[in-house]
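# Close look at the chain arrangement
Chain by chain, the residues run as shown.
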Amino acid sequence: MALVHAPSPAAAASGLHRAQLVEQRMRRLCTGLDHPGTVFALALEGHLAAGGQRARSRVSLTSSQRLGLAESDAVALAATVELLHNASLIQDDLQDRAQVRRGSATVWSKYGPDCAIGLTDLAISAAFRSLADVSEPRRIPGLIDWVHRAITTTLRGQTEDLSGRITDLDGAIALARRKSGPLFGLALGLPLYFADQQEALGTASEAAESFGVGYQIYDDLVDLDEDRACHSCSNLVIALEKTLPAEAARAETRRLAEHYLGAATAAAISLPGCSGQGLVDLSEEVGHRLNLLSNA
């Protein structure tokens, strides 16, 4: 069940403006000290221009808005989350040797592995730098700690995924929690921490982890043929096929995705000030795509 708190036209316009400020901030923090036209500037522009939903920054901006944070603080926190996500994408493409993302050449395939490694490091550094501009400096140590924890968990999940050791249902779900949950947790957690709502951080993490699992399961369904071709063991459908017929495995995968997306919504709804609305909306979006996939 969705929250009945649709944004007013003024709030929607404000949200669009803040999203544009996040885009500008990411570019400035990564290349503002560099000369225009250098390899990092070109590579970052190509990567960002390829598109993407900016889902994590959307969740973060909505949370900040519902909690009454100043625009400058909301933009600084959202830019941190989105920079970390894009750093992970650039690194993932290099590790997977992916040639294309969203129809455009990946950073490593166009500019080389060294540029991809350097831009990943630069984006992570810029993510921490973004926190330096918040209006309450006393909050910065706690914000940095949350960011560090999220990076640590995400990197552990990525390493486990590449290891190929995840071969069963429980392992695949635990991996999804570590790979997809932490940055969505930051999208909710950084605004909550900044708004002095630390008692809600556990619920925010629970909501984000559940969404991360639900989204990863949906992604496994989308990528099933590709993962099967490259002999991936961490795809949940493939893991379930070890004990179930193919169609039953797909049906159980869809059921699990719906379960975790529902759990994410239930936890997000309980966050203070309706600050989980962004994750609720996102869960509904993924649920809708899951239904379309099931009916295809």
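Look a little higher up for the structure.
Residues numbered from 1 in each chain as written. Predicted model: local features only at pLDDT ≥ 70, side-chain atom pairs only at ≥ 80, totals over all residues. Heavy atoms only, no water.

This paragraph deals with the packing of aromatic side chains. Using the criterion set out here, one finds 3 aromatic pairs in the structure. Centroid distance Tyr-215 to Tyr-218: 6.1 Å. Interplanar angle 50°. Geometry classified as tilted. Placement of both Tyr-215 and Tyr-218 in helix H9 (residues 201–222) is noted, with a separation of 3 residues, approximately one turn of the helix. Relative accessible area serves as the criterion here: at 10%, Tyr-218 is assigned to the buried category. Among the aromatic side chains, those forming a connected cluster through ring pairs are Phe-184, Phe-211, Tyr-215 and Tyr-218. If you follow Arg-139 out to its NZ or CZ, it ends over the ring of Tyr-193, 6.0 Å from the centre. (Phe/Tyr/Trp six-rings, centres within 6.5 Å; stacked < 30°, edge-to-face > 60°. Helix = DSSP H or I, 4+ residues; strand = E, 2+ residues; numbered from the N terminus. Buried < 20%, exposed > 50% of the residue type's maximum accessible area, 1.4 Å probe, protein only. Lys NZ or Arg CZ within 6 Å of the ring centre and 35° of its normal.)

Time to look at empty space enclosed by the protein. Rolling a probe over the atoms, with the probe sized like a water molecule, indicates the empty space that remains. Across all of its chains, the model carries 1 cavity of 30 Å³ or more by this definition. In this structure, the largest cavity occupies an estimated 70 Å³ of space. Considering only residue class, the lining of the largest cavity consists of 4 nonpolar, 4 polar and 3 charged. (1 Å grid on protein atoms, 1.4 Å probe; cavity = no way out; pocket = protein on both sides within 12 Å on 5 of 7 lines; lining within 4 Å. Points joined across faces, edges and corners; volume = space filled by probe spheres on them. Nonpolar A, V, L, I, M, F, W, Y, C, P; charged D, E, K, R; others polar.)

Our next topic: the nonpolar core. Counting residues in each nonpolar core, the largest one holds 80 residues, and the members touching the most others are Leu-77, Leu-143, Leu-186, Phe-211 and Leu-279. If sequence neighbours within four positions are ignored, Leu-77 has contacts with Ser-60, Ser-64, Leu-69, Leu-131, Val-134, Leu-143, Leu-190, Pro-191 and Phe-194. (Core = buried A, V, L, I, M, F, W, Y, C linked by side-chain atoms within 4.5 Å. Contact = heavy atoms within 4.5 Å.)

Another point: unusual backbone geometry. You will see that Arg-102, though not glycine, has its phi angle at about 55°, which is positive. For Arg-102, the position within the fold is in the loop between strand E1 (100–101) and strand E2 (104–105). In this structure Arg-102 comes out as partly exposed when scored by relative accessible area, which is 39%. Despite not being glycine, Cys-274 shows a phi value in the positive range, around 55°. The topology assignment puts Cys-274 in the loop between helix H12 (246–269) and helix H13 (277–295).

A few words now on the pattern of salt bridges. Counted by the stated rule, this structure contains 16 salt bridges. For the salt bridge of Glu-23 with Arg-27, the shortest nitrogen-to-oxygen distance reads 3.3 Å. Here Arg-27 and Glu-23 lie together in helix H1 (residues 9–31), a separation of 4 residues that amounts to about one turn. The exposure class assigned to Glu-23 is buried, which follows from its relative accessible area of 19%. For Arg-27, a relative accessible area of 23% corresponds to the partly exposed category. (Salt bridge = Lys/Arg side-chain N within 4 Å of Asp/Glu carboxyl O.)

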